[in-house]
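Secondary and tertiary structure notes
These are the residues of each chain, in order.
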Amino acid sequence: MEHHPAAARLTEAATIAVQQHGTGNLLRVVLVVMVLGCALTAWFLLSGYKRKDD
């Protein structure tokens, strides 16, 4: 597996952010993205039921 310097820097920055701020902010972001994703998926799937192709 090839190591990329940019990926190493991002991983290090994420580790430092979690150590300084805890996992609270990360958990909030993950939960908000998950809820929005579920809402958009439901809207997309349910919007097809309103169409009547007669």
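Throughout what follows, the structure given in this document is the object of discussion. Keep in mind the model is a prediction, meaning the values are calculated, not measured.

Counting its secondary structure elements, the protein chain contains 2 helices and 0 strands. Going through the 54 residues of the protein chain one by one, you find that 2% of them count as buried. Surface accessibility of the protein chain: about 5400 Å² in total, with carbon and sulfur atoms responsible for 68%.

Here we take up a nonpolar patch on the surface. A surface patch of nonpolar side chains, amounting to about 380 Å² of accessible area, comprises Leu27, Leu31, Met34 and Val35. Along the chain, Leu27 falls in helix α2 (residues 24–47).

Parameters at a glance
Residues numbered from 1 in each chain as written. Predicted model: local features only at pLDDT ≥ 70, side-chain atom pairs only at ≥ 80, totals over all residues. Heavy atoms only, no water. Helix = DSSP H or I, 4+ residues; strand = E, 2+ residues; numbered from the N terminus. Buried < 20%, exposed > 50% of the residue type's maximum accessible area, 1.4 Å probe, protein only. Areas by Shrake-Rupley, 256 points an atom, 1.4 Å probe, with all protein chains shown as cover. Patch = residues over 30% accessible without salt bridge, like charges linked within 9 Å, V, L, I, M, F, W, Y side chains within 5 Å. Salt bridge = Lys/Arg side-chain N within 4 Å of Asp/Glu carboxyl O.

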